[in-house]
Structures are given as C-alpha cells and as structure tokens.
There are 2 protein chains.
Amino acid sequence: MAASELDPLLASLGEARRARRTVMSTSADRAARLLREQVVEGTLRSGTRLPEVRLADALGVSRNTLREALSQLVAERILVREEHRGVLVATPDTTAVRDVYAARLVIEPAAVLHGPALDPAHLAALDAAVREGTTAGDRGDWPAVASANQHFHRAVVALSGSERLVAQMELLLAEMRLFFHQMGDPEPFHAPYLEENAVIAGHLRAGRRDEAATRLAAYLRAAERQLVAAYEQRTVGGDG
Amino acid sequence: MAASELDPLLASLGEARRARRTVMSTSADRAARLLREQVVEGTLRSGTRLPEVRLADALGVSRNTLREALSQLVAERILVREEHRGVLVATPDTTAVRDVYAARLVIEPAAVLHGPALDPAHLAALDAAVREGTTAGDRGDWPAVASANQHFHRAVVALSGSERLVAQMELLLAEMRLFFHQMGDPEPFHAPYLEENAVIAGHLRAGRRDEAATRLAAYLRAAERQLVAAYEQRTVGGDG
DNA sequence: GATTGCGGGATTGTTCAACAGTCCTTACGG
DNA sequence: CCGTAAGGACTGTTGAACAATCCCGCAATC
C-alpha cells in the first residue's frame with residue numbers, strides 16, 4: 001500500500017464529486033422546492049388541500065415521487081398530513097406563533113451576542129438585506145419587504161457560525177410567512193421593522209453587540225405581540 | 001344556524017380526532033423511527049450502506065415506503081444520500097461537531113437565561129435526567145449515561161418553552177450520538193459531565209440562571225475541545 | 001323535520017413489477 | 001502499467017393496482 005504523493009489530490013477530488021452528487025437535485029427534491037416556493041410566496045394559501053394525483057400530474061412526476069416531496073414538507077411543518085384525508089397547507093395559529101417566537105427569542109439575540117468574531121462577509125450580508133428591504137419598501141412592494149426581512153434574520157443567525165442553526169432558522173421563517181399570508185395586508189407587519197433592521201445592522205457594524213441584541217429582543221417581543229393581537233382581532237371579527 | 005349548547009363539545013371532539021390522526025403513525029413513519037433508533041443506539045454504525053431492497057425486505061415494507069422513511073432521515077442529517085449510490089449512515093467529522101456546538105452554544109445558555117419562568121415541571125425533568133445519569137454511571141452503563149445526557153440537554157432547551165426548539169435540539173443531539181459511536185469508548189466523553197449536570201441543575205433549582213448559563217457555556221466549550229482533540233488524535237493514529 | 005343507515009365516488013396508504021441510468025468491479029488487451 | 005469493455009448491482013422513477021378510509025347525498029325511519 002505505498003501511498004503516492006497524489007493521493008491527497010485524488011481524495012479531495014473524490015470528495016468534491018461526492019459533495020456535488022450529494023447536492024444534486026433529485027426529482028422529489030425539485031418538486032419539494034417548487035411546492036415550498038409556492039407556499040412561501042403565498043400562491044398556495046393556508047388550508048388548501050393538495051390531492052396527490054392531480055398535483056403529481058401538474059408537477060409532471062409520479063405519485064410516488066410526489067409523496068416523497070410531500071413527506072419532506074410535512075417534516076418542515078409547511079404542510080400537514082391528516083391520515084386518510086391527505087396533506088394540506090398548514091395554518092399556523094397563535095400557539096404556533098408564540099412557539100416560533102419563543103425559539104427566535106432564544107436564538108437570535110444569542111447569535112448576535114455570542115457568535116464568533118463579526119467578519120466582513122456577515123456584516124455585508126446584513127447590510128445587503130437592509131438595503132433590499134428599504135428599496136422594496138420605497139417602491140411599496142411589501143411581499144419583497146417580507147422576503148428581505150427573512151434575509152435579514154437569516155443573516156443575523158448566520159453570525160452564530162452554524163450552518164445547521166441557519167437551516168433550522170429558515171424553517172421557522174418559512175412558517176412565519178405562512179402566518180403572514182393568513183393575515184392579509186402585509187404592510188403593517190413589515191414596514192415598522194425596516195428602520196429597526198437598519199439600526200441593528202448599524203450597531204453591529206460598530207461592534208456594539210449588546211445594544212444590537214437588546215434591541216433585537218425588544219423587536220421580536222413587539223412583533224409577537226402585534227401578530228397575536230392582529231390574529232385575535234381578525235378571528236373575533238370575521239366568521240370564515 | 002342556531003348554535004346548540006353542545007357545539008363547543010363537538011368542536012373540541014373534532015379537533016381531538018384531527019390531532020390524533022395527525023400524530024398517528026403511518027408505515028413510513030414507523031420505519032423511520034425504527035431506523036433512527038438503530039442508528040442512535042449504535043446498532044447501525046457510521047458509513048454502513050443501506051440498500052433499499054434488502055432493507056425494505058427486512059423492515060417488511062415496500063421499497064417506495066422505505067424511500068419515504070429514508071428521505072426523512074436524510075433531512076435529519078442522520079443518513080446521507082449520494083446520488084445513484086444510495087443512502088448510508090452519516091459520519092460526522094470535526095466540521096460537523098464544530099457546527100453543532102456552535103448551534104448549541106447559542107441555544108442552550110440562552111434557553112437557560114431567557115426562557116420563561118422556571119416552572120416545577122421543567123425543573124423536575126432536569127432532576128430526573130440528572131438522577132438517570134448518576135444511577136447509570138454507578139452501574140457503569142455508559143451508553144445509558146449518554147442517553148441520560150441527551151435527556152438533560154433536551155430538558156435544558158425545554159426551558160425555552162418552545163416545542164420547535166426542542167425538536168431541533170433533538171436533531172443536533174442525535175447527530176452527536178452518531179459522532180460518539182465513531183469515537184468508541186464512551187466513558188471519557190460522558191463521565192466528566194455527570195457532576196457538571198448536577199451542578200447546573202442545582203443552580204437552576206435555586207434560581208441562579210446566570211451561574212447556570214455560564215457554567216453550561218464553559219461545559220459546552222470544553223466538550224467540543226475534548227471531542228475534536230480525540231477525533232484528530234484518532235485519525236492521525238489509525239489508517240482506516 | 002331531524003336523525004340514522006346505506007351506498008357510491010373519490011382519495012389515500014401501500015404494494016408490486018418494470019426499466020433506464022448510473023456506478024462499481026473485474027477481466028481483458030495493449 | 002494503463003485504459004477499456006462487459007456484466008452485475010443498485011438507484012431513480014414510473015405506472016398500475018387494490019384495500020381501507022373518508023365524504024357526500026339519498027332514502028328510510030322515528
């Protein structure tokens with residue numbers, strides 16, 4: 001077993017190929033991504049049923065592969081499966097919102113406070129998200145503001161340096177967007193936080209982690225209150 | 001639409017039924033749970049391939065349903081899928097360990113510090129996990145100590161009050177156990193922390209959140225260092 | 001008139017069989 | 001020693017099938 005000097009190269013090449021293969025998209029993954037996108041963008045509204053045959057037909061995949069995709073999204077809490085009744089787009093209630101915010105209140109300020117050194121790439125991502133939000137707000141494109149907000153909070157969690165934590169955060173954020181779509185008019189839920197995002201990014205750029213963290217925590221608590229209040233008003237008022 | 005007085009009862013019943021149906025186990029879920037258990041318990045070692053036909057046969061399900069289960073576990077990072085090569089048990093490396101600990105360092109101390117009021121149920125869960133660990137340690141059952149440790153940290157995150165955060169933590173902990181199995185002898189990785197768990201639980205019982213959090217953070221940093229060091233020593237020494 | 005019982009259609013849960021595409025090993029030839 | 005062709009094993013994906021279950025409407029009943 002004489003090890004030649006190019007063994008490391010071979011190993012790294014093999015690894016790269018394996019990585020690419022791991023990341024390549026299988027048919028079920030593509031279907032899942034497509035559906036997820038439709039749900040997050042609001043095209044597929046909360047509560048709509050997803051019949052397997054019709055949907056598989058529409059997506060151009062077989063029912064079996066579609067079921068793989070659906071299972072994936074059920075695990076992400078974007079869809080809900082009711083046995084023998086099928087899957088439907090989840091409709092988060094205030095319990096879900098409180099739960100998500102409890103998680104966010106743990107994760108986000110802590111990421112700001114205790115993440116590794118603030119490196120330029122992370123700060124740039126934050127600034128980019130802030131700019132994305134303000135320009136979208138200037139042209140009144142509130143769905144785009146919602147996306148920008150999502151990007152901002154993803155960037156915040158990225159400060160933790162943990163890819164896994166970011167992935168988990170994205171699940172929470174996707175669920176939040178589902179909730180927003182239920183609430184209708186997105187402006188009052190996103191507009192107030194554009195300024196706030198800028199302030200927090202500014203604090204971080206200046207290295208003031210404490211201020212950023214406390215401001216972020218207050219921000220999250222306020223957003224939770226606002227959402228829960230709006231939801232309860234809505235369900236008290238409306239009938240369907 | 002005259003509402004009778006038993007409407008609320010009907011509504012609650014319907015909700016309960018839906019909840020049960022949502023939680024009830026489909027065949028794929030059962031297969032996934034079984035496989036997960038085998039992996040976490042160490043029966044299925046890192047790197048072992050899981051051929052679909054043989055495995056489906058062994059589990060008594062069809063290949064299609066098995067694939068649903070496998071997809072689920074791939075999403076949980078317990079298994080890895082390499083396209084056209086199949087699924088195999090993940091082998092976390094030090095990168096994964098660093099990533100997981102970065103996430104845990106954000107989540108766990110923050111859950112201790114900023115979770116809602118420490119209620120008796122949570123404190124009882126912590127104590128139970130501590131006792132479970134010490135008795136297992138007394139009889140030298142180190143795999144059981146590993147389980148107890150997992151329960152302790154789950155209880156810590158439960159302080160956050162977020163069911164979702166607990167679920168996400170469980171993914172991280174499962175991945176850690178995969179790593180432990182790779183390292184062989186579990187005693188040196190779990191024994192030192194039994195005492196530490198007891199101290200932290202004591203702090204929390206007395207309401208000293210700050211001490212508990214800082215102690216927990218130090219604990220996590222130490223564990224990460226120990227694990228990474230052991231791993232690198234192991235891979236420098238061995239050849240396969 | 002409200003309630004119960006009973007099809008009947010639609011949909012899910014699950015299986016089986018098949019086939020092309022890809023990967024791995026092995027043997028062969030230069 | 002290197003490339004390569006052949007063959008086998010396995011995955012990715014599909015289509016069809018069948019029992020179980022659910023839902024809706026209609027008739028029978030009290």
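Each packed pair of helices is defined by two parameters, the angle between the axes and the distance between the axes. Residue and element names in this part refer to chain A. Running from amino to carboxyl end, helix H6 (residues 120–138) crosses helix H7 (residues 142–158) at an angle of 165°, the nearest separation of the two axes being 8 Å. The angle between H6 and H7 places the two elements in the roughly antiparallel class. The element H6 and its partner H7 pack so that their crossing is left-handed. Of the residues in H7, those touching H6 at His122, Ala125, Leu126, Ala129, Val130, Glu132, Gly133, Ala136 and Gly137 are Trp142, Ala144, Val145, Ser147, Ala148, His151, Phe152, Ala155, Val156 and Ala158.

Looking at chain direction, strand S2 (residues 79–82) of chain B and strand S3 (residues 86–89) of chain B are connected through four bridges and run antiparallel. Residue pairing across strands places Arg81 of chain B opposite Val87 of chain B, the latter belonging to S3 of chain B.

Close to DNA strand D lie 24 residues, the nearest being Thr26, Asn64 and Arg85 of chain A together with Arg63 and Arg67 of chain B. In DNA strand D, atoms within 4 Å of the protein come from the sugar-phosphate backbone in 71% of cases. Contacts to DNA strand D include Ser62 of chain A, whose backbone N or O atom sits 3.0 Å from a phosphate oxygen. Between DNA strand D and Arg67 of chain B there is a distance of 2.7 Å, counted from a phosphate oxygen to a side-chain nitrogen or oxygen. For the surface near DNA strand D, a count of residues per class yields three nonpolar, ten polar and eleven charged.

What follows concerns the packing of aromatic side chains. All names here are of chain A. What the rule picks out here adds up to six aromatic pairs over all chains. Judged by centre distance (4.8 Å) and plane angle (20°), the ring pair of Tyr193 and Tyr219 falls under stacked. Of this pair, Tyr193 sits in helix H9 (residues 187–205) while Tyr219 sits in helix H10 (residues 209–237), and the two are 26 residues apart along the sequence.

To continue, consider the protein's contact with DNA strand C. Close to DNA strand C lie 24 residues; Arg63 of chain A together with Thr26, Asn64, Thr65 and Arg85 of chain B are nearest. Backbone sugar and phosphate groups make up 71% of those atoms of DNA strand C lying within 4 Å of the protein. Note that a phosphate oxygen of DNA strand C is positioned 3.5 Å from one of the backbone N or O atoms of His84 of chain A. Side-chain polar atom of Asn64 of chain B to a base nitrogen of DNA strand C: 2.6 Å apart, as the coordinates give it. Considering only residue class, the surface near DNA strand C consists of three nonpolar, ten polar and eleven charged.

It is worth spelling out the interface of chain A and chain B at this point. On the chain B side, the residues contacting the 37 residues of chain A number 38 residues. Here chain A and chain B share an interface that buries about 3,400 Å² over both sides, 49% of which is from carbon and sulfur atoms. On the chain A side of the contact with chain B, Glu68, Glu83 and Arg164 of chain A bury the most area, a combined 22% of that side's loss. At the boundary of chain A and chain B, one finds eight salt bridges. A salt bridge links Arg67 of chain B to Glu68 of chain A; the nearest nitrogen and oxygen atoms lie 3.0 Å apart. Applying the counting criterion to the chain A and chain B interface returns 13 residue pairs in polar contact (both at pLDDT 80 or more). Elements with a minimum of two residues in the side of chain A that touches chain B: helix H1 (7–23), helix H4 (63–75), strand S1 (79–82), helix H5 (94–114) and helix H8 (163–183) of chain A.

Here H4 of chain A spans 18 Å end to end across 13 residues, near enough to the 18 Å set by a 1.5 Å rise per residue. Leu66, Glu68, Ala69, Leu70, Ser71 and Leu73 of chain A are the residues of H4 of chain A that are buried. On its buried face, H4 of chain A is in contact with helix H2 (27–41), helix H3 (52–59), S1 and strand S2 (86–89) of chain A together with helix H4 (63–75) of chain B. Between the side-chain oxygen at the start of H4 of chain A and the backbone nitrogen of Asn64 of chain A there is a gap of 3.1 Å, and the oxygen is on Ser62 of chain A.

Right, let's talk about the side chain of Ser162 of chain A for a bit. With respect to the helices and strands, the residue Ser162 of chain A is situated in the loop between H7 and H8. A distance of 3.1 Å separates a polar atom in the side chain of Ser162 of chain A from the backbone nitrogen of Leu165 of chain A. In this structure Ser162 of chain A touches Asp99, Ala102 and Ala103 of chain B, once residues within four positions along its chain are discounted.

Residues and elements named next belong to chain B. Pairing in this open sheet of three strands is antiparallel, and the strands run S1-S3-S2 from one edge to the other. Every interior strand has two partners, whereas the edge strands, strand S1 (49–50) and S2, have only one. In the packing of H4 onto the sheet, the strands contacted are S1, S2 and S3, and the crossing angle to S2 comes to about 110°.

Our next topic: the relation of the copies chain A and chain B. Screw-axis analysis of chain A against chain B gives a translation of 0.1 Å along the axis, an RMSD of 0.1 Å, and a rotation angle of 180°. Here the transformation between the copies is reduced to the relation of a two-fold axis. Comparing interface residues between copies, 100% of those in chain A also sit at the interface in chain B, which points to an isologous, same-surface contact.

This next bit is on the confidence of the model for chain A. The share of residues in chain A with pLDDT of 70 or more is 88%, and the mean pLDDT across the chain is 89. For residues 1–14 of chain A, every residue scores under 50 in pLDDT, and the model assigns this stretch zero contacts once sequence neighbours within four places are set aside.

Before going further, it helps to spend a moment on the environment of Leu79 of chain A. You can see Leu79 of chain A is positioned in strand S1. Separated by ten residues in the primary sequence, Leu79 of chain A and Val89 of chain A place their C-alpha atoms 4.5 Å from one another.

With that settled, consider helix H8 (residues 163–183) of chain B. Over its 21 residues, H8 of chain B extends 31 Å from the first C-alpha to the last, a length consistent with the 30 Å expected when each residue adds 1.5 Å. One or two residues past the end of H8 of chain B sits Gly184 of chain B, with phi positive at roughly 80°.

A separate point is the packing of helix H6 (residues 120–138) of chain B against helix H9 (residues 187–205) of chain B. All names here are of chain B. At their nearest, the axes of H6 and H9 sit 10 Å apart, and the two run at 160° to each other. Compared by their axis directions, H6 and H9 come out roughly antiparallel. In this structure, H6 meets H9 at a crossing whose hand is left-handed. In this structure, H6 uses Leu123, Leu126, Asp127, Val130, Gly133, Thr134 and Gly137 to contact H9, whose residues at the interface are Leu194, Asn197, Ala198, Ala201, Leu204 and Arg205. When its residues are assigned to classes, the contact of H6 with H9 shows seven nonpolar, four polar and two charged.

How each quantity is defined
Residues numbered from 1 in each chain as written. Chains lettered and ligands numbered in written order. Predicted model: local features only at pLDDT ≥ 70, side-chain atom pairs only at ≥ 80, totals over all residues. Heavy atoms only, no water. Axes fitted to C-alpha atoms, helices over the stretch in contact; angles between N-to-C directions. Helix = DSSP H or I, 4+ residues; strand = E, 2+ residues; numbered from the N terminus. Parallel < 35°, antiparallel > 145°, perpendicular 65-115°, else oblique. Left-handed = near helix turned anticlockwise from the far one by under 90°. Contact = heavy atoms within 4.5 Å. Pairing = 2+ DSSP bridges. Near = heavy atom within 4 Å. Polar contact = N/O pair within 3.5 Å; in protein donor to acceptor, adjacent residues only side chain to side chain. Nonpolar A, V, L, I, M, F, W, Y, C, P; charged D, E, K, R; others polar. Phe/Tyr/Trp six-rings, centres within 6.5 Å; stacked < 30°, edge-to-face > 60°. Buried area = accessible area lost by both parts, 1.4 Å probe. Salt bridge = Lys/Arg side-chain N within 4 Å of Asp/Glu carboxyl O. Expected span 1.5 Å × (residues − 1). Buried < 20%, exposed > 50% of the residue type's maximum accessible area, 1.4 Å probe, protein only. Least-squares fit on C-alpha atoms with pLDDT ≥ 70 in both. pLDDT = per-residue confidence, 0-100.

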